[in-house]
Amino acid sequence: MSEPTPTQPIKEIDEETKKKNEEKKKAKEAEKAEKLAKMKEKEAKQAAAKEKELQNKLKKEQEKKEKEAEEKAKQEAEEKIVREHIEKVLKTPKGDKKDVSNLLSAYHPTAVESVWYDYWLDNGYFSPEKQMEIQPHVIKDKKFVIVIPPPNVTGSLHLGHALTNSIQDAVVRYHRMKGEVCLWVPGTDHAGIATQVVVEKKIWKENKITRHDLGREGFIKKVWEWKGEYGARIQGQLKKMGSSVDWSREVFTMDDQRSKAVNTAFIRMFNDGLIIRTTRLVNWSCALKTAISDIEVDFIDLEKHTKMSVPGHQGQYDFGVLFEFAYPVEGSGEELVVATTRIETMLADTAIAIHPEDSRYTHLHGKFAIHPLNGRRIPIITDAVLVDKDFGTGVVKITPSHDPNDYETALRHNLEFINLFTDEGLINENGGERFAGMKRFDARNAVVEALKEKNLFKGMKDNKMRLGLCSRSKDVIEPMIKPQWYVKCDDMAARAVKAVRDGDLKITPKTHEVTWYRWLEGIKDWCVSRQLWWGHRIPAYHCIVKGIKSNPYDTKQWVVGMNQEEAIQNAIEKFKLSSEDDILSLEQDPDVLDTWFSSGLFPFSVMGWPEQTQDMENYYPTSLLETGSDILFFWVARMVMMGQQLTGKLPFEQVFLHAMVRDSHGRKMSKSLGNVIDPNDVIKGISLDQLIAKLYEGNLDSKEIEKATAGVKADFPTGIAECGTDAMRFALCAYTSQGRDINLDIQRVVGYRNFCNKIWNATRFAHMKLGDSFKPESFNSSKLLEQSNAINLWILNAAQRAITLSEEGFKEYDFSKVTTAIYSFWLNEMCDVYLEMTKSIFSLEEDLPIKQKTKETLYTCIDIGLRLLHPFMPYLTEELYQSLPRRPEDTIPSIMLCPYPQSQPNWANTDIEEEMKQCQDIIKSIRSLRATYTIPASKKLHTYLHVKNQENLERFSRNSSFIRVLAYASELEVHISDESRPGCIVNVVNENVSILLDVRGSVDFKLEIARLEIKKQQLVKNFEVLVSKTTIPSYDKVPQNIREDNAQKIKALDEEINITNKTIESFTKLNI
């Protein structure tokens, strides 16, 4: 065991140490207590602060709720007022004028646009006959006639149609106001292929039946029902858009009179040898089983090998590739390797082509190859047109029945034509037993496998290509040899080219003339037959007579007639038959005419042609054809050709082609993208859910609906706000810029609705200031200038400029120019400047002469502004015009029949325009300076203008009240000075004028001194750089004008640095 450790003796603590320890302990406890107290105090403060913050938050939330409730109540009250107002005006008896004695406090499109169309329509104001009866300034021997590009009856109108009609109505209303007798003829197009496809989809979707189940007559009955429904919808949309068409003359391209015109045109052109029947290569849609026009083919560009699905097929197929395979040469072991994008068509190859000068193949001239899959002998031909000896192997396969280039080659070499496909796109018996009955792209894969079995398939490689798709069915277009009816166009096209070259027909924009010449000078015969049921059935009958062998491909065996009886008589005469008994068979062609054939007659068929009616005599030829640039050839050229051929006259004097409307991303409008917008949705507004619901009303499949829904959500996340017709029309016309596509942003349309509200409020302001007893004097442009003031003379000058620019714009078909001029006049000059400046005049208690003069000037400018605007905004301008008092001589019942504002050259005043421009520059600079320091408009500041000369002193002094009001100044002083002023911020407008704002009590000087120091550093840097340029040895060689400009810049910078230094000094004193 270890020894125990001895205990240490306890050291006694003396009293002093005890005391110290006690003190330390107490100090620590006191410190602890103090900390605790501070902590509690801090916690209490934090709790109080938190409570205060919470109370403030609750207070703010309460205030927000109260404000929201107040705004909601205010909005509901306003909506109630608007609703009651609309209910009241809707009780207006049809044809009566709307009561506009009490204008609403703000612009509401629905309220404004109700009743007026019925008023115009029921009083016949769209009729040229009524115009000649009641318009005082009408010029009866001057006419302006236009026909509507007939919209397809397949559905409702989209914004592209809205653009067309906005432009046309603006032009028509402008010419009507000019006193020209106006006729605008409305109509719809039967749209053969488009309508048939839509109705076929509809009956399948609803009843799971095809047109063949219904039969031709039953199906056509269904289409007429569709036409009844959608034709009425289109008419409603045109009315909603304010289109001033003469509805008493409305037509449909398949009504009785138009059908008679179509049959007459076909028969006359057939008898004149312009229409023939022959077998040629056409664009064939296997899905629709008809030939289609070039405009109905959409192209997609493939950059490389791409797997794609094809309608009517299962799986995916190879596109964007060249398939390479070999042809064995007869009697040798040699092979010729060819490449093709459509290997399945090799089953119908009838030749192999080589270049006559290609030394590699000289020994094969006149030889044959053996078809590897059917053993047929294939001639090896030489052709320098088709074959490029330096491209690929220099060997080309020829399939005349299924390729345009091969077709032309076959005609040159008299080759055999072998058709490979049925109308449905199946391989027919010519493809051989192994492939017959296969779908064409299944056959593509099968042919590759068959060639592989024979070791003749050489592989695939990427190949850029354009793939043609049917725009209706999205099926891949198949070039096919088919017997069709063709119009010989060469002579007619030559006359159409001559008309433009000679200036008899004007095309605007002029840049499109190049396209006109290119298309028409290279024109081919026009295939006008379609294998459809809906359309104008071709009035041609195949006649089999005794003693003549039947050949339906021979035009000579066909006769024409308005009906079968007439065709029989024509057959008897043509074949010199003794009686009808010699006719063994007479069958009408089941095909219908291309829709563009009837559309080509539209400008004169709407006037009653082939009869020489009063309308033909009075209103044909028409004045203008306005349409989209995309159908210059397909419609415009054909109207010109057929008009000249059948009436001996050009159908119109001028063509104006507007650009295409695209979405805000520049994409083409497409239902499957979800970016096709119904004009009514822009006019009335629509929610996102409603937009999506509309996608399900059409014929889109589930995948297309999914894609379109995503597009709608991306572009219209909150739907579309109510804009009204007028804002939409104005926006569309403002967008037009000749030759460029229109990327339409709906938000810009919303902006023009706000513009409508500005006009509304400006007119209400005029009502308030003019007073109920105001009666305008008879118009006297010179009298308005007498004993007036600068601001009145300035606004009259602005009105004259707007009139001039508007006239120029309409004459040039530059609608952007017109809308910009009108917008600037109303917003920038009337609302932003003139109305503000008249307030001080109208506030005068005494009825001084200048007050009355200002009333006359204000009334005149509102009246001119409304009449300038009317062609674009018919509803708003009619409502406001009807609310104004009239001049003694004015008895016109509608603004649409009023004179368009005439130029007043005596109002033009360049001196006052320049003076006011300089004043406005000062105002803009002052406002900009205030904005830099975030000084609100409600805060009036003492403002100084420091100028360099007497001229500026006098100019700005005499306009000081004008500048003071618009620059939010409490006082405005103008001095010749270059000194700074205490407490003022400075901005140099130019070398002659500086602005000084007294901002004491309005600005954080410390912050501004720091900002000014940075500004000074930049100014000094710019000054030194410029000075260094002038000190180089060769500076005397710099052109004199540049040296003078540099000297002026150095002087201005030096002055601005000095002023900035003085401002910093002044701010420093103020900040102490």
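Residues numbered from 1 in each chain as written. Predicted model: local features only at pLDDT ≥ 70, side-chain atom pairs only at ≥ 80, totals over all residues. Heavy atoms only, no water.

We now examine the overall build of the protein. Within the protein one finds 31 helices and 33 strands. Relative to its length of 1072 residues, the protein is extended, with a C-alpha radius of gyration of 41 Å against a globular reference of 31 Å. Over its C-alpha atoms, taken along the principal directions, the protein stretches across nearly 140 × 135 × 75 Å. Partitioning the contacts of the protein with sequence separation of at least 6, the portion at a separation of at least 24 is 76%. Counting every atom, the protein has about 51,900 Å² of accessible surface; 50% of that belongs to carbon and sulfur. (Helix = DSSP H or I, 4+ residues; strand = E, 2+ residues; numbered from the N terminus. Rg over C-alpha atoms; globule rule 2.2 N^0.38 Å. Contact = heavy atoms within 4.5 Å. Areas by Shrake-Rupley, 256 points an atom, 1.4 Å probe, with all protein chains shown as cover.)

We now examine a negative patch on the surface. Together, E63, E66, E68, E70 and E71 line one region of the surface with negative charge. By secondary structure assignment, the location of E70 is in helix α1 (residues 15-89). (Patch = residues over 30% accessible without salt bridge, like charges linked within 9 Å, V, L, I, M, F, W, Y side chains within 5 Å. Salt bridge = Lys/Arg side-chain N within 4 Å of Asp/Glu carboxyl O. Lys, Arg positive; Asp, Glu negative; His and termini not counted. Charge placed at Lys NZ, Arg CZ, Asp CG, Glu CD.)

Bringing the packing of helix α24 (residues 815-842) against helix α25 (residues 849-869) into the picture now. With their axes 11 Å apart at the nearest point, α24 and α25 run at an angle of 165 degrees to one another. Taken together, the axis directions place α24 and α25 in an arrangement best described as roughly antiparallel. When you trace α24 past α25, the crossing you get is left-handed. Contact residues: α24 offers I822, F825, W826, M830, Y834, L835, T838, I841 and F842, while α25 offers I850, K851, T854, K855, T857, L858, C861, I862, G865, L866, L868 and L869. Residues that form the contact of α24 with α25 fall into these classes: 15 nonpolar, four polar and two charged. (Axes fitted to C-alpha atoms, helices over the stretch in contact; angles between N-to-C directions. Parallel < 35°, antiparallel > 145°, perpendicular 65-115°, else oblique. Left-handed = near helix turned anticlockwise from the far one by under 90°. Nonpolar A, V, L, I, M, F, W, Y, C, P; charged D, E, K, R; others polar.)

Moving on to the pattern of salt bridges. The full count for this structure, using the stated rule, is 60 salt bridges. A salt bridge links K130 to E133; the shortest N-O distance between them is 3.7 Å. Here the residue K130 and the residue E133 both occupy positions in helix α4 (residues 128-134), the gap between them amounting to three residues, near one helical turn. Relative accessible area serves as the criterion here: at 26%, K130 is assigned to the partly exposed category. (Buried < 20%, exposed > 50% of the residue type's maximum accessible area, 1.4 Å probe, protein only.)

Here we take up the sheet that holds strand β13 (residues 368-370). Across the sheet, which stays open at both edges, the four strands sit in the order β13-β14-β12-β15 with mixed pairing between neighbours. The two strands at the open ends of the sheet, each matched to only one other strand, are β13 and β15 (395-398). For this sheet, the mean angle separating the axes of adjacent strands, direction not counted, is 30 degrees. (Pairing = 2+ DSSP bridges.)

Looking now at empty space enclosed by the protein. The final tally for this structure, using the stated rule, is five cavities of 30 Å³ or more. Space inside the second largest cavity adds up to approximately 50 Å³. In this structure, the second largest cavity is lined by V986, N987, V988, L1012, K1015, E1056, I1059, T1060 and T1063. Mapped by element, the contributors of at least two residues to the lining of the second largest cavity are β32 (984-990), α30 (1005-1030) and α31 (1040-1071). (1 Å grid on protein atoms, 1.4 Å probe; cavity = no way out; pocket = protein on both sides within 12 Å on 5 of 7 lines; lining within 4 Å. Points joined across faces, edges and corners; volume = space filled by probe spheres on them.)

Attention shifts here to the nonpolar core. Membership of the largest hydrophobic core comes to 152 residues, with the highest contact counts inside it found for W826, L858, F962 and I963. If sequence neighbours within four positions are ignored, I963 has contacts with C919, I922, I923, I926, L945, F956 and L972. V147, C489, F604 and F652 belong to the second largest nonpolar core, which has 66 residues in total. (Core = buried A, V, L, I, M, F, W, Y, C linked by side-chain atoms within 4.5 Å.)

We now examine the packing of helix α22 (residues 746-770) against α24. Two elements in contact, α22 and α24, have axes whose closest approach is 11 Å; the angle formed by their N-to-C orientations is 30 degrees. Relative to α24, the element α22 is oriented roughly parallel. Note on packing geometry: the crossing formed by α22 with α24 is left-handed. Residues Y752, F755, K758, I759, A762, T763, F765 and K769 of α22 touch α24, and the partners they reach there are I822, Y823, W826, L827, C831, D832, L835, T838, K839 and F842. Looking at side-chain class alone, the contact of α22 with α24 contains 12 nonpolar, two polar and four charged residues.

Pairing in this open sheet of four strands is mixed, and the strands run β31-β30-β33-β32 from one edge to the other. The strands lining the two open edges of the sheet, one partner per strand, are β31 (969-976) and β32. Put simply, the sheet's adjacent strands are angled 20 degrees from each other on average, direction ignored. For strand β30 (residues 941-947) and strand β33 (residues 993-998), the ladder comprises five bridges, and the chain directions are antiparallel.

Mapped onto the secondary structure, L347 falls in the loop between β11 (335-340) and β12 (351-354). Overall, L347 belongs to the buried group, its relative accessible area being 1%. In sequence terms L347 and V447 are 100 residues apart; their C-alpha atoms lie 8.4 Å from each other. Contacts of L347, omitting those with residues within four sequence positions, involve H371, L373, N374, R376, L420, N430, G431, F435 and V447.

Turning next to the side chain of H542. Note that H542 resides in strand β22 (residues 540-545). Within the local environment of H542, its side chain forms a polar contact with the side chain of Q557, the two groups lying 3.3 Å apart. (Polar contact = N/O pair within 3.5 Å; in protein donor to acceptor, adjacent residues only side chain to side chain.)

This brings us to the confidence of the model for the protein. Detailed reading of the predicted model is not advised wherever pLDDT is low. Put simply, the protein has an average pLDDT of 90, and 97% of its residues get 70 or more. Here strand β29 (residues 742-743) stands out as the element of the protein with the lowest mean pLDDT, 71, in contrast to strand β2 (residues 180-185), whose mean of 98 is the highest. (pLDDT = per-residue confidence, 0-100.)

So, about the packing of aromatic side chains. Under the counting rule described, the total for this entry stands at 39 aromatic pairs. Ring geometry for Y107 and W760: centres 6.3 Å apart, planes at 55 degrees, overall tilted. Placement of the pair is Y107 in the loop between α1 and α2 (109-113) and W760 in helix α22, with a sequence separation of 653 residues. Here a set of aromatic residues connected by ring pairs shows up, and it is made of Y174, F656, F730, Y752, F755, F810, Y813, F815, Y823, F872 and Y900. If you follow R211 out to its NZ or CZ, it ends over the ring of W533, 4.7 Å from the centre. When the ring centre of F252 is taken as origin, the NZ or CZ atom of K227, which lies over that ring, is 4.5 Å away. (Phe/Tyr/Trp six-rings, centres within 6.5 Å; stacked < 30°, edge-to-face > 60°. Lys NZ or Arg CZ within 6 Å of the ring centre and 35° of its normal.)

Right, let's talk about unusual backbone geometry for a bit. T508 connects to P509 through a cis peptide bond whose omega is -5 degrees. Mapped onto the fold, P509 is located in the loop between β19 (506-508) and α12 (513-521). The peptide bond linking Y620 to P621 adopts the cis configuration, its omega dihedral lying at 5 degrees. Position of P621 among the secondary structure elements: in the loop between α16 (614-619) and β26 (622-628).

Between its terminal C-alpha atoms helix α10 (residues 440-453) stretches 20 Å, which fits the 20 Å expected from 14 residues at 1.5 Å a residue. Taken together, the buried positions of α10 are occupied by R440, F441, A443, R444, A446, V447, V448, A450 and L451. Buried residues in α10 make contact with β9 (317-319), β10 (321-328), β16 (457-462) and β18 (478-487). Positive backbone phi, at 60 degrees, marks N455, one or two positions downstream of α10. (Expected span 1.5 Å × (residues − 1).)

With seven of its eight residues buried, β10 lies for the most part within the structure. Where β10 lies against β16, five bridges are found, and the strand directions are antiparallel. Among the inter-strand pairings, V321 is bridged to a residue of β16, identified as D462. Looking at chain direction, β10 and β11 are connected through six bridges and run antiparallel. Of the residues in β11, the one forming a bridge with E324 is A339. Hairpin connection between β10 and β11: a loop of six residues separates the two successive antiparallel strands, and G331 in this loop has a positive phi of roughly 75 degrees.

It is worth spelling out the environment of Y230 at this point. Among the structural elements, Y230 can be located in helix α7 (residues 211-240). Residues Y230 and V153, 77 residues apart in the sequence, show an inter-C-alpha distance of 6.1 Å. Ignoring any residue separated from it by four or fewer positions in sequence, one finds Y230 in contact with V153, G155 and S156.

In this section: the state of the cysteines. Scanning the entire structure with this criterion turns up zero disulfides. For C723, which is in no disulfide, the shortest distance to another cysteine sulfur is to C756 and amounts to 9.4 Å. Given a relative accessible area of 0%, C723 falls into the buried group. (Disulfide = S-S within 2.5 Å.)

By the secondary structure assignment, Q237 is in helix α7. Judged by relative accessible area, which is 2%, Q237 ranks as buried. Separated by 2.6 Å, the side chain of Q237 and the backbone nitrogen of L157 make a polar contact.

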